[in-house]
Amino acid sequence: MEETISLKEIFEVLKKRLLLIIGLAAGAAIISALVTFFVLTPSYEASSQFIVNQSQSQSQDNIYEGNELQTNIDLINTYNVIIKSPRILDQVVEELGLDMTSATLSDKIQVSNAEQSQVVNVVATDEDPQQAAAIANTTVQVFKEDIPQLMNVDNVNVLSEAAVGSTPTQVSPQPLLNIAIAIVVGLMVGVGLAFLLEYLDNTLKSEEDIESHLDLPVMGVVSTITEQDLPERRPTRKKTEDTKVRSESIGA
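Thresholds applied
- Residues numbered from 1 in each chain as written.
- Predicted model: local features only at pLDDT ≥ 70, side-chain atom pairs only at ≥ 80, totals over all residues.
- Heavy atoms only, no water.
- Helix = DSSP H or I, 4+ residues; strand = E, 2+ residues; numbered from the N terminus.
- Buried < 20%, exposed > 50% of the residue type's maximum accessible area, 1.4 Å probe, protein only.
- Contact = heavy atoms within 4.5 Å.
- Areas by Shrake-Rupley, 256 points an atom, 1.4 Å probe, with all protein chains shown as cover.
- Core = buried A, V, L, I, M, F, W, Y, C linked by side-chain atoms within 4.5 Å.
- Phe/Tyr/Trp six-rings, centres within 6.5 Å; stacked < 30°, edge-to-face > 60°.
- Salt bridge = Lys/Arg side-chain N within 4 Å of Asp/Glu carboxyl O.
- Polar contact = N/O pair within 3.5 Å; in protein donor to acceptor, adjacent residues only side chain to side chain.
- Axes fitted to C-alpha atoms, helices over the stretch in contact; angles between N-to-C directions.
- Parallel < 35°, antiparallel > 145°, perpendicular 65-115°, else oblique.
- Left-handed = near helix turned anticlockwise from the far one by under 90°.
- Nonpolar A, V, L, I, M, F, W, Y, C, P; charged D, E, K, R; others polar.

Student: When you look at the overall build of the protein in this model, what are you seeing that I'm missing?
Tutor: Along the backbone of the protein there are nine helices and five strands. Relative to its full complement of 252 residues, the protein shows a buried share of 27%. Considering only residue pairs separated by 6 or more positions, the protein has 73% of its internal contacts joining residues 24 or more positions apart. As displayed, the protein has an accessible area near 17800 Å², and 56% of this comes from carbon and sulfur atoms.

Given below as structure tokens:
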């Protein structure tokens, strides 16, 4: 026989295990907050921009015949790869005296541009906001100096340099987001555990359980009796006589 569960039974299970569910969610939130504030190291971003234009000296070159804007946009895809190449990043590491390899530095840099835009954003991430700005600016400057030798063109101009404000804003970790995710995960685990415990609990707790699981009629029910439900006991005749005898003996 196929078993079904009603919406009422679902709410009953959740109500029964409500403290467990809330406890797991609260515990997950507390652990997430502790890890976010005391374990994870804050990271900061700094962004520098440059623009790609065709120089007048190259306007007649066969490479750039046709649509000048489209040609420059197509070049940006190549530039994005060159910027993160060891040729550029090795010089950045050397100039800044960084204790890391070019491969490690590459993971700290993101290069992107908006669709149909000649402006390229170079974003550097580091635990020190000042160093993040230095990495972004130095990378763009080294690239600008090397690109004429690499591709025999001079069409890169710095649009804006990375700067650090008086109160840098960390980009990771994000405490509110991490805590919110932890609460959601805690609630999901709590609900799942509540239904698992209910599924594993095979004890019979009511007359309905007996009838549904054992397919037997209920002939009678023994109620739980507390001391308050018991009637007040009166002393028996024998106990009264014994008390009277003891009293007379003491009087004699």
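Student: How should the nonpolar core be read in this particular structure?
Tutor: Across soluble globular proteins, nonpolar side chains have a tendency to be buried as a group. Among the nonpolar cores identified, the biggest contains 31 residues, and Phe50, Tyr79, Leu105, Ile109, Phe143 and Ile147 are the most heavily contacted of them. Counting residues per element, the ones that place at least two in this core are β1 (43-52), α3 (68-83), α4 (86-96), β2 (109-113), β3 (119-126) and α6 (129-151). The greatest single-element share of this core, amounting to eight residues, is contributed by α6. Ignoring anything within four residues of it in the chain, the contact list for tyrosine 79 reads Val52, Phe143, Ile147, Met151, Val153, Asn155 and Val156.

Student: I keep staring at the packing of aromatic side chains and nothing clicks. Help me out?
Tutor: For any two aromatic rings, the description comes down to two numbers: the centre-to-centre distance and the angle of the planes. Under the defined criterion, the tally for this structure stands at two aromatic pairs. On the numbers, 5.4 Å between centres and 40° between planes, the contact of phenylalanine 50 with phenylalanine 143 is tilted. Of this pair, phenylalanine 50 sits in strand β1 while phenylalanine 143 sits in helix α6; the two residues are 93 residues apart in sequence, bridging distant segments of the chain. Across the pair, phenylalanine 143 and phenylalanine 50 agree in class, each one buried. Take phenylalanine 143: its relative accessible area is 0%, and that puts it in the buried class.

Student: Explanation requested: the side chain of serine 48 in the structure shown.
Tutor: Structurally, serine 48 can be placed in strand β1. With residues near it in sequence (within four places) discarded, serine 48 still touches Val120, Asn121, Val122, Ala136, Asn137, Val140, Ser160, Glu161 and Ala162.

Student: Teacher, can you tell me more about the pattern of salt bridges here?
Tutor: Once the charged atoms of two side chains with opposite charge are near each other, the side chains can pair. Applying the stated criterion to the full structure yields four salt bridges. With its nearest N and O atoms 4.0 Å apart, the salt bridge here joins glutamate 198 to arginine 17. Taken together, the positions of glutamate 198 in helix α7 (residues 175-200) and arginine 17 in the loop between α1 (7-16) and α2 (18-38) put the pair 181 residues apart, joining distant regions of the chain. Residues aspartate 146 and arginine 87 are paired through a salt bridge, measuring 3.3 Å at the closest nitrogen-oxygen approach. One end of the pair, aspartate 146, is in helix α6; the other, arginine 87, is in helix α4, with 59 residues separating them in the sequence. Connected through shared salt-bridge partners, Lys16, Arg17 and Glu198 make up one network.

Student: Mind showing me how you'd approach the side chain of aspartate 126 here?
Tutor: Residue position: aspartate 126 is located in strand β3. Owing to a relative accessible area of 7%, aspartate 126 belongs among the buried residues under this scheme. Polar contacts involving the side chain of aspartate 126 include one to the main-chain amide nitrogen of aspartate 128, which spans 2.9 Å. At 3.2 Å, the side chain of aspartate 126 forms a polar contact with the side chain of glutamine 131. Contact partners of aspartate 126, with chain neighbours within four places excluded, come to Ser43, Tyr44, Lys108, Gln131, Ala132 and Ile135.

Student: What is the right way to look at the packing of α4 against α6 in this model?
Tutor: Any two packed helices are characterised by how steeply their axes cross, that is the angle between the axes, and by the distance between the axes. At a closest axis distance of 9 Å, the pairing of α4 and α6 adopts a crossing angle of 130°. Of the possible angle classes, the one that applies to α4 and α6 is oblique. Here α4 and α6 pass one another in a crossing that is right-handed. In this structure, α4 contributes Arg87, Ile88, Leu89, Gln91, Val92, Glu95 and Leu96 to the contact, and α6 contributes Ala134, Ile135, Thr138, Thr139, Val142, Phe143, Asp146, Gln149 and Leu150. Considered class by class, the residues forming the contact of α4 with α6 number nine nonpolar, four polar and three charged.

Read these as spatial facts, not as claims about activity.
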